[in-house]
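# Architecture and fold: a report
Given next are the chains, with one letter for each unit.
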Amino acid sequence: MSSTRTTVVFIVVLMMVLPYLGTAKGRGRGSKWWGIARAGEPNNLVSNSIKENSITNSYLDPDVHATLRRKQRRLVRDHPGVVVAVAKGAKQAISECKHQFKNRRWNCPTKDFHRGRNLFGKIVDRACRETAFIYALMSAAVTHSVSRACSEGAIESCTCDYSQRGPSGADWEWGGCSDNIQFGVKFSREFVDAGEKGRDIRYMMNLHNNEAGRVHVSTEMRQECKCHGMSGSCTVRTCWMRLPFFRVVGDNLKDRFDGASRVLISNTGRTPGNGRKKYNYQLKPYNPEHKAPSKKDLVYYENSPNFCEKNLKLGIAGTQGRVCNETSIGVDGCDLMCCGRGYKTEVKEVVERCACTFHWCCEVKCKVCRTKKTIHTCL
Amino acid sequence: MSRSPSDRIAGNLKRTLAASLLFFLLLRPVTSNWMHLGLSGTSPSLTLPPPPPPFQPKPPSTLSDQAPNAGLVTLTAGLSDLQQQMDQQQQQQQSHSNQMVTQGSARAICAALPGLVSRQIQVCQAHPNTIQSVSDGARKGIQQCQHQFRNERWNCTTKDDQNVFGATLERGSRETAFIYAVTSAGVVHAVTQACSLGNLTECSCDMERQGLPAPDGWKWGGCSDNIRYGIQFARQFVDAPEKAIQKKPKNVRNLMNLHNNEAGRKAIATLMRMQCRCHGVSGSCELKTCWRTMPTFAQVGDYLKQKYENAVQMKPTKFVRTMMQEKMSSKELKIQSVSSSKTKRQAPLGKTDLIHIHKSPNYCVEDPKKGILGTSGRVCNKNSTGSDSCDLLCCGRGYNTQVVRHVERCFCRFVWCCQVKCKTCVTMLDVHTCK
């Protein structure tokens with residue numbers, strides 16, 4: 001009798017545990033800090049410091065504080081002002097992700113912040129292309145934003161990058177304030193990669209994609225110059241290194257997303273080390289005939305779901321109700337977007353201001369136009 | 001007469017079965033199986049005594065071992081010098097006459113060709129020599145189709161069995177419309193060309209205007225391509241399967257196919273151009289002879305591809321009604337099309353417009369039932385923005401990258417005399433294929 005009871009209890013316990021076994025424990029572990037992007041939103045009771053961009057108070061409200069790992073908290077403490085840059089970068093990454101994927105079935109949905117849960121939902125628990133993109137973009141954004149914050153003087157522990165790369169040219173000299181990409185990359189490595197410890201493929205994937213994001217920022221650095229001669233003539237010219245527009249980084253990463261390479265799960269055995277050694281490994285492609293991923297490539301090892309139907313288990317909203325383009329044959333076209341379910345067409349009246357004229361001084365007068373717009377939405 | 005109820009039920013069942021079978025046979029999608037002539041051009045069944053053409057290249061044994069329109073290029077290249085052609089035509093006709101197929105062997109050959117309807121067999125028996133041109137024409141059409149669609153998701157895939165295009169033809173989609181038009185045009189082109197080359201006994205150059213003076217002072221002369229014969233022959237042969245079934249139940253698909261066949265033929269007719277040659281002193285144009293010549297088949301392909309892009313989708317019911325009323329004879333058909341914006345198409349439907357009745361699938365994912373191969377594994381162009389771009393071709397699934405060793409000869413120079421020395425260059429190319 002007691003044995004049957006034990007069996008029943010065992011089964012019940014097993015049934016409670018089983019659903020959680022499916023998702024590997026801590027797969028999206030390094031992604032917890034993403035919650036910092038929600039700092040400053042009204043639901044967070046955040047100290048006004050972030051809103052006002054004040055660098056004096058680097059401590060966060062408990063909710064955001066909880067998203068950081070111990071090492072990340074230390075970093076935030078050591079570099080006053082950096083948390084603002086990180087939060088700004090994370091926000092930038094989210095809006096960039098939404099922009100890049102606005103025409104695709106997966107359109108980079110984010111959830112409202114709540115403690116301990118992932119910002120991008122369960123997609124992060126998988127190891128597909130979308131996940132790779134999120135990691136790379138987040139890491140790139142932190143690098144970008146921190147580097148810029150340095151040259152803006154928003155972080156106490158870093159300044160402009162005065163180390164000059166190579167000799168000056170014949171008609172120009174290094175000068176001005178270069179964006180501090182070195183500090184940005186170094187900080188991003190410590191901060192973003194803080195959670196990525198271990199030897200399994202998931203950590204290696206995250207590390208690789210994080211690093212790929214940083215490489216995309218640092219290789220797109222461009223030289224900017226200014227002429228200081230008489231009435232702006234170019235007899236005297238100073239040049240400095242400037243960060244790329246973040247849109248450029250987003251575009252490049254999106255390209256890499258399309259060409260992302262699938263790697264073998266058996267890629268393990270990374271020698272645990274610190275510093276540069278940590279990133280010195282070569283992942284093997286899933287198909288040996290395919291090109292091995294380069295430093296700039298994104299890597300993944302699981303297939304993406306098709307994102308067509310609603311799937312709560314995978315955290316997919318489905319494409320029902322999405323607006324599609326009837327004439328396109330691409331992924332934004334109704335045929336692919338709606339996964340063959342068909343779409344409905346509505347004619348909506350849009351009221352907008354039009355035929356605006358400027359009247360001296362200083363007024364702009366507009367008419368109100370009503371135009372009819374045809375909108376297609378997936379069934 | 002006292003049959004048991006079970007007997008009666010069985011009898012009824014049989015009758016219904018038979019009726020439904022008949023119904024099925026009548027309504028089953030028509031596949032124009034004659035197109036396989038384009039694949040089996042050199043199959044044993046078609047080994048007519050090969051006409052000895054000086055210009056005509058040997059038909060390739062399979063489609064795959066030749067570039068899509070390599071045969072076409074050589075064919076049309078041969079056409080350019082018509083004068084020379086005229087000289088040789090007579091020799092040809094002489095040598096040709098002793099190779100004519102006898103009545104008996106024609107019957108055997110035509111009966112052995114699979115997939116022809118009875119009317120087509122009749123035509124085949126009446127013109128056994130022309131069948132080789134039909135086969136050439138079908139091949140031309142298929143090659144041109146594959147050339148035109150090499151960068152699209154649907155790349156005009158053919159199968160090696162009798163039903164050349166597989167399940168694609170079962171849909172009344174735009175792609176089907178193009179296939180019908182281009183193969184029909186191919187037959188016109190090949191037959192007309194054979195006429196001009198003198199490979200056929202029943203036709204020759206178009207002599208209608210021969211020697212007649214034109215108002216501008218020049219004369220009609222040379223060998224005008226006999227497009228009328230080509231069109232007439234193609235109409236007889238290519239349209240036969242549609243007409244055979246069309247007699248009783250007016251099938252929408254038959255009407256669609258007939259229209260598109262005709263559109264293909266009309267395409268060649270509208271692209272006919274005039275060529276002239278001057279015969280005056282040292283080539284001056286005091287004396288001028290002109291003749292009408294066919295476009296190259298690549299031009300026909302381009303033209304039909306344009307028509308494919310602007311193909312019109314028809315509402316089946318309305319379509320049939322108007323087609324019946326006008327009996328395909330009027331010059332213009334004012335038909336309401338199924339336009340996306342639910343607006344009526346105002347422009348009348350021209351004879352060269354392609355029409356279809358079904359929407360095309362997206363051809364992205366493999367579906368053996370529908371005969372769709374999917375785009376997985378197709379080579380895409382990363383830098384393109386057109387239909388061959390990785391973005392569009394791979395339907396958003398992304399692409400894989402392979403490194404391919406590309407060996408080519410380079411830095412070639414001419415060494416006196418007479419040698420060309422080259423180096424071999426090895427470049428590593430990234431090839432992208434859809435996931």
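Residues numbered from 1 in each chain as written. Chains lettered and ligands numbered in written order. Predicted model: local features only at pLDDT ≥ 70, side-chain atom pairs only at ≥ 80, totals over all residues. Heavy atoms only, no water.

Heads up, the rule is: UniProt positions are given in the numbering used here, feature names are shortened, and annotations may be inferred rather than shown by experiment.
The name an unreviewed UniProt entry gives chain B is Protein Wnt, with Daphnia galeata as the organism. According to its UniProt record, chain B has this under Function (unreviewed entry): "Ligand for members of the frizzled family of seven transmembrane receptors." If you open the UniProt record of chain B and go to Subcellular location (unreviewed entry), you find "Secreted, Extracellular space, Extracellular matrix".

If you check an unreviewed UniProt entry, chain A appears there as Protein Wnt from Daphnia galeata. Taken directly from UniProt, the Function (unreviewed entry) text for chain A runs: "Ligand for members of the frizzled family of seven transmembrane receptors." UniProt lists a comment for chain A under the heading Sequence similarities (unreviewed entry), and it reads "Belongs to the Wnt family."

## With respect to the overall build of chain A
How we decide: For helices the rule is a DSSP run of H or I covering at least 4 residues; for strands it is a run of E covering at least 2, with both sets numbered from the N terminus onward. Burial classification: accessible surface area is computed with a 1.4 Å probe over protein chains only, and a residue below 20% of its type maximum counts as buried, one above 50% as exposed, and the rest as partly exposed. Whether two residues touch is decided by their heavy atoms; if any such pair falls within 4.5 Å, the residues are in contact.
A count of helical and extended segments in chain A gives 10 helices and eight strands. Scored against the burial criterion, the 379 residues of chain A give a buried share of 45%. Excluding contacts between residues fewer than 6 apart, the proportion of contacts in chain A whose partners are at least 24 apart in sequence is 66%.

## Here's the deal with the interface of chain B and chain A
Quick reminder of the rule: Note: buried area is the sum, over both parts, of the accessible area (probe 1.4 Å) each one loses when the two are combined. Salt bridges are identified by distance alone: a Lys or Arg side-chain nitrogen within 4 Å of an Asp or Glu carboxyl oxygen.
Contacts between the two partners involve 18 residues from chain B, matched on the other side by 17 residues from chain A. Carbon and sulfur atoms make up 45% of the area that chain B and chain A hide from each other, which totals about 1,400 Å². Contact with chain A buries surface across chain B, with Y399, Q402 and K435 of chain B losing the most and accounting together for 25% of the total. Among the ionic pairs, K291 of chain A bridges to D430 of chain B, the shortest N-O distance being 2.6 Å. Going through the elements one at a time, helix 13 (390-393) and strand 7 (399-415) of chain B are the ones with two or more residues in the side of chain B that touches chain A. Per element, the largest residue contribution to the side of chain B that touches chain A is five residues, and it comes from strand 7 of chain B.

## Quick word on the domain arrangement of chain B
Residue and element names in this part refer to chain B. Operational definition: For each domain, the first and last residues come from an automatic or database assignment.
Segmenting chain B into domains produces domain 1 (34-42 + 101-310) and domain 2 (375-434). The distance between the C-alpha centroids of domain 1 and domain 2 comes to 35 Å. With five residues of domain 1 at the contact, the number on the domain 2 side is seven residues. Of the roughly 520 Å² buried between domain 1 and domain 2 on both sides combined, carbon and sulfur atoms contribute 40%. Taken as a group, N151, E152 and R153 account for 87% of the area that domain 1 buries against domain 2, more than any other trio of residues on that side.

## Observations concerning the confidence of the model for chain A
Residues and elements named next belong to chain A. Under the convention used in this document: Scored between 0 and 100, pLDDT is the confidence that the predictor attaches to each residue.
Confidence in the prediction for chain A averages 81 pLDDT; 81% of positions are at 70 or higher. Across residues 17-25 the pLDDT falls below 50, and counting only partners more than four positions away or on other chains, this stretch makes zero contacts in the model. Counted against residues more than four places away or in other chains, residues 42-58, with its pLDDT under 50, gives 29 contacts.

## Notes on the state of the cysteines
Which entries qualify depends on this criterion: Any cysteine sulfur atom paired with another within 2.5 Å is treated as part of a disulfide.
Tallied over the full model, the rule gives 23 disulfides over all chains. The disulfide partner of C227 of chain A is C234 of chain A, and the S-S distance across this bridge is 1.8 Å. With the S-S dihedral at roughly 65°, the linkage between C227 of chain A and C234 of chain A falls on the right-handed side. With a sulfur-sulfur separation of 1.7 Å, C417 of chain B is cross-linked through a disulfide to C418 of chain B. Taking the relative accessible area as the measure of exposure, C417 of chain B reaches 44% and is therefore partly exposed. Residue C418 of chain B is classed as exposed on the basis of its relative accessible area, which comes to 58%. The structure places no disulfide on C128 of chain A, whose sulfur is separated from the nearest cysteine sulfur, that of C97 of chain A, by 12 Å.

## Structural notes on the pattern of salt bridges
Applying the stated rule across the entire model yields 24 salt bridges over all chains. The salt bridge involving R242 of chain A is made with D179 of chain A; its shortest N-O contact spans 3.6 Å. With R242 of chain A in strand 3 (residues 237-242) and D179 of chain A in the loop between strand 1 (173-174) and helix 7 (181-192), this residue pair connects regions lying 63 residues apart in the sequence. R242 of chain A sits in the partly exposed class, given a relative accessible area of 25%. For D179 of chain A, a relative accessible area of 0% corresponds to the buried category. The closest approach of N and O atoms between R139 of chain B and D136 of chain B, which form a salt bridge, is 2.8 Å. One end of the pair is R139 of chain B and the other is D136 of chain B, both in helix 6 (residues 130-148) and three residues apart, which spans about a single turn. Accessibility classification places R139 of chain B together with D136 of chain B in one group, the buried group. Where salt bridges share partners, they join R148, D179, R222, E224 and R242 of chain A into one cluster.

## Looking at the packing of helix 5 (residues 82-100) of chain A against helix 6 (residues 129-152) of chain A
Residues and elements named next belong to chain A. For the record, the criterion: Fitted lines through C-alpha atoms give the axes, limited to the stretch in contact for helices. The angle between two N-to-C directions lies from 0 to 180 degrees. Every angle not falling under 35 degrees, over 145, or within 65 to 115 is termed oblique; those three ranges are roughly parallel, roughly antiparallel and roughly perpendicular. Helix crossings get a hand from a simple test, with the near helix turned counterclockwise from the far one by less than a right angle marking a left-handed crossing and a clockwise turn marking a right-handed one. In this count, Pro and Cys sit with the nonpolar residues alongside Ala, Val, Leu, Ile, Met, Phe, Trp and Tyr, while Asp, Glu, Lys and Arg are called charged and the others, Gly among them, polar.
Running from N to C, helix 5 and helix 6 cross one another at 135°; their axes reach a closest spacing of 8 Å. The orientation of helix 5 with respect to helix 6, classified from their angle, is oblique. Where helix 5 crosses over helix 6, the two elements pack in a sense that is right-handed. Across from V82, A85, V86, K88, G89, A90, Q92, A93, I94, E96, C97 and Q100 in helix 5, the residues of helix 6 making contact are F133, L137, M138, A141, V142, H144, S145, V146, A149 and E152. Across the contact of helix 5 with helix 6, the residue classes tally to 14 nonpolar, five polar and three charged.

## Comments concerning the sheet that holds strand 3 (residues 288-293) of chain B
Filter applied, for reference: Two strands form a pair only when DSSP identifies at least two bridges running between them.
The sheet built from three strands is open, its strands ordered 1-3-2 (chain B) with mixed pairing. With one partner strand each, in any of the chains shown, strand 1 (219-220) and strand 2 (273-278) of chain B form the two edges of the open sheet.

## Overview of the nonpolar core
Quick note on the threshold: Joining through side-chain atoms within 4.5 Å is the link that ties buried Ala, Val, Leu, Ile, Met, Phe, Trp, Tyr and Cys residues into a set, and such a set is a nonpolar core.
Core analysis: the largest hydrophobic core is formed by 74 residues, its most contacted members being W33, F120 and M138 of chain A. Elements supplying a minimum of two residues to this core: helix 4 (70-78), helix 5, helix 6, helix 7, helix 8 (201-218), strand 3, helix 9 (246-258) and strand 5 (299-300) of chain A. Discounting chain neighbours no more than four positions away, the residues touching M138 of chain A are W33, W34, A90, A93, I94, L119 and F120 of chain A. With 60 residues, the next largest nonpolar core counts A138, M256, V300 and A311 of chain B among its residues.

## Overview of the packing of aromatic side chains
Defined as follows: Put simply, two rings from Phe, Tyr or Trp (the six-membered ring, in Trp's case) pair if the centres are within 6.5 Å, and we call them stacked under 30 degrees between planes, edge-to-face over 60, tilted for the rest. Lysine and arginine charges are scored as sitting over a ring when NZ or CZ, respectively, is within 6 Å of the ring centre and within 35 degrees of the ring normal.
All told, the structure shown has 20 aromatic pairs over all chains when counted by the stated rule. Considering the side-chain rings of W172 of chain A and W174 of chain A, the 5.2 Å spacing of their centres and the 85° angle between planes classify their relative orientation as edge-to-face. Here W172 of chain A matches W174 of chain A in class, with each residue buried. One aromatic cluster is present, formed by W33, W34, F120, Y135, F183, F187 and F191 of chain A through successive ring pairs. Over the ring of Y286 of chain A we find R262 of chain A; its NZ or CZ atom is 4.0 Å from the centre of that ring. Residue placement shows K423 of chain B over the ring face of F411 of chain B; its charged tip is 5.7 Å from the ring centre.

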